[in-house]
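Observations on the three-dimensional arrangement
One-letter residues, chain by chain:
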Amino acid sequence: MNKQVVIWGDDHHNALGILRMLGNRGFDVHFIINGHAKLIASASKYCTRYVEIIGLDEGLRYLLENYQDAENKAVLLFTADKYSETANNNLNLLEPYFYVAGPSKQGVLSELDDKYTMGMLAKECGINIPNTILIPHDDPHSMDDFPLILKPCTPTNKDFKTKIVKTEKAYLKAIKSLVPEKRYVVQKFIPKEADGLVYGCRTWDGVTHLSGICVRNRWSDDGCGSFGYITPDIPNTINKQGIADFLEKIDFRGIFSVEYAICKDASYFYEFNLRNDGTAVLFYQGGANPVLEYVNSCFGIKGNVQTTVNGKQYLINEIWDKFNVKDGVISKRQYEEDFKKATIFFYYDPDDMKPYEIQIANSKKRYLRRIISKSLINKIRLEIKKKINGCKKN
């Protein structure tokens, strides 16, 4: 019987990780791209079948119209929250035909999208979170250990994602500007040494596998970590049993990641990503394949799949980290030393080179756009400086 796996999401390195983990393993993998193909994951030699569908409703309709064999259910995986939430909200329609990654109860993911709800559930499971209050439920004045960070519980396009306030005056001003009918989290701001991300899966029979942790302490200008390492040795400051307990509480099955702020003597919880993560390509190169372990469990395939990475290995974003040299974040010598010791890359894979080659070409275009953009910014700054100096003279 044909074993089908469906990936629903965007054409980027998140889906690329899934495709590489499942490539050439006997599965019929179908990639449903929301929007248009960008030749990242879709450029992979492992992407043999894809379709472009615009919009969540259209994507859901496509799934229901094209997969109707209850005797041969397909595995359904996601690359971002909006796809996994849409599927979870329509679980009653999809479940007869798919092994749907996510919680077993319909609508749970939308509830957990609320940062306060997720944080409090994580705390119940023994996961360390910073001191937290909920606005407007709690007294804002109960938080006075500055700096603080404000976050909308459910961010929208018009909302800010985070806001750091360093003084009581700035804090009270920010509180007054909040939308009255919305919920906000206020937390103690934690100065981190690095970002940490634990990646893994919970199989269809309820076993949690942790592949290791990705630690990144340098970032590229797209906001993603661009240098660091992967290791199977998750710090003791992270409650590994707490992760398993959280997933059991919501009866989750599928691929997941958990984000932390890594400090000297503690690790603080950011959030669960209850779907595949963009670091999948890195963990795959590090030797782990939790996606295969999960998919096998859905189909009842027994076998020895390696789910943890092979020791500590350095990683680098071979496309974007070099811009840190041009921006003066690191020296050229430091970049060359870091690049030399890295064995894990975001796009480069000798067995699957097309995504890397396309990204190299795109990086040249991006470099030209950056030069033009910075030239315009410098020109505007110079004009403003001239006007200020002119006003001072007058």
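Quick caveat, the model's predicted, so the values are computed rather than measured. (Residues numbered from 1 in each chain as written. Predicted model: local features only at pLDDT ≥ 70, side-chain atom pairs only at ≥ 80, totals over all residues. Heavy atoms only, no water.)

1. Focus: the sheet that holds strand 8 (residues 148-152)
Pairing is antiparallel across the open sheet formed by four strands, whose spatial order is 7-10-8-9. The strands lining the two open edges of the sheet, one partner per strand, are strand 7 (132-135) and strand 9 (163-165). In this sheet, neighbouring strand axes are inclined to one another by 25° on average, regardless of whether the strands run parallel or antiparallel. With four bridges joining them, strand 7 and strand 10 (residues 184-188) adopt antiparallel strand pairing. Bridge assignment links isoleucine 135 to a residue of strand 10, and that residue is tyrosine 184. Of the strands in this sheet, strand 7, strand 8 and strand 10 are in contact with helix 6 (residues 115-124), which crosses strand 7 at around 150°. (Pairing = 2+ DSSP bridges. Helix = DSSP H or I, 4+ residues; strand = E, 2+ residues; numbered from the N terminus. Axes fitted to C-alpha atoms, helices over the stretch in contact; angles between N-to-C directions. Contact = heavy atoms within 4.5 Å.)

2. Quick notes on the packing of helix 1 (residues 13-22) against helix 10 (residues 290-299)
Look at helix 1 against helix 10: their axes get within 8 Å of each other, and the N-to-C directions meet at 65°. Compared by their axis directions, helix 1 and helix 10 come out roughly perpendicular. The handedness of the crossing between helix 1 and helix 10 comes out as right-handed. Counting all contacts with helix 1, which are made through Ile18, Met21 and Leu22, the residues of helix 10 involved are Pro290, Val291, Leu292 and Val295. Split into classes, the residues belonging to the contact of helix 1 with helix 10 amount to seven nonpolar, no polar and no charged. (Parallel < 35°, antiparallel > 145°, perpendicular 65-115°, else oblique. Left-handed = near helix turned anticlockwise from the far one by under 90°. Nonpolar A, V, L, I, M, F, W, Y, C, P; charged D, E, K, R; others polar.)

3. Regarding helix 2 (residues 56-66)
Turning to helix 2, its buried residues are Gly59, Leu60, Tyr62 and Leu63. Projection of helix 2 onto a plane perpendicular to its axis shows the buried side chains occupying an angular sector of 155°, all on one side. Along helix 2, the residues that are exposed and aim more than 90 degrees away from the buried face are Asp57 and Glu65. Looking at the packing, one finds that the buried side of helix 2 touches strand 1 (4-9), strand 2 (28-34), strand 3 (50-53), strand 4 (74-78), helix 4 (91-94) and strand 5 (98-100). (Buried < 20%, exposed > 50% of the residue type's maximum accessible area, 1.4 Å probe, protein only. Arc of directions from axis to C-beta.)

4. Quick look at the sheet that holds strand 4
The pairing of strands in a sheet comes from backbone hydrogen bonds and takes either a parallel or an antiparallel form. Spatial ordering of the open sheet is given by 3-2-1-4-5, a layout of five strands whose pairing is parallel. Pairing within the sheet leaves two strands with one partner each, and these edge strands are strand 3 and strand 5. Between one strand axis and the next, the sheet turns by 25° as a mean value, whatever way the strands run. Bridging between strand 1 and strand 2 involves six bridges; their strand directions are parallel. If you follow valine 5 over to strand 2, its bridge partner there is valine 29. Its contacts with the sheet place helix 2 against strand 1, strand 2, strand 3, strand 4 and strand 5, and it is angled at close to 170° to strand 1.

5. As for the packing of aromatic side chains
As enumerated under the stated definition, the model contains 21 aromatic pairs in all. Arranged with centres 3.9 Å apart and planes meeting at 10°, the rings of phenylalanine 246 and phenylalanine 272 form a pair that is stacked. Taken together, the residues span a long stretch of sequence, with phenylalanine 246 in helix 8 (residues 240-249) and phenylalanine 272 in strand 15 (residues 267-273) at a distance of 26 residues. Exposure class is identical for phenylalanine 246 and phenylalanine 272. Each is buried. Seen in terms of ring centroids, phenylalanine 339 and phenylalanine 345 are 5.8 Å apart; in terms of plane orientation they differ by 45°. Their pairing is tilted. (Phe/Tyr/Trp six-rings, centres within 6.5 Å; stacked < 30°, edge-to-face > 60°.)

Don't take any of this as a statement about function, it's just geometry.
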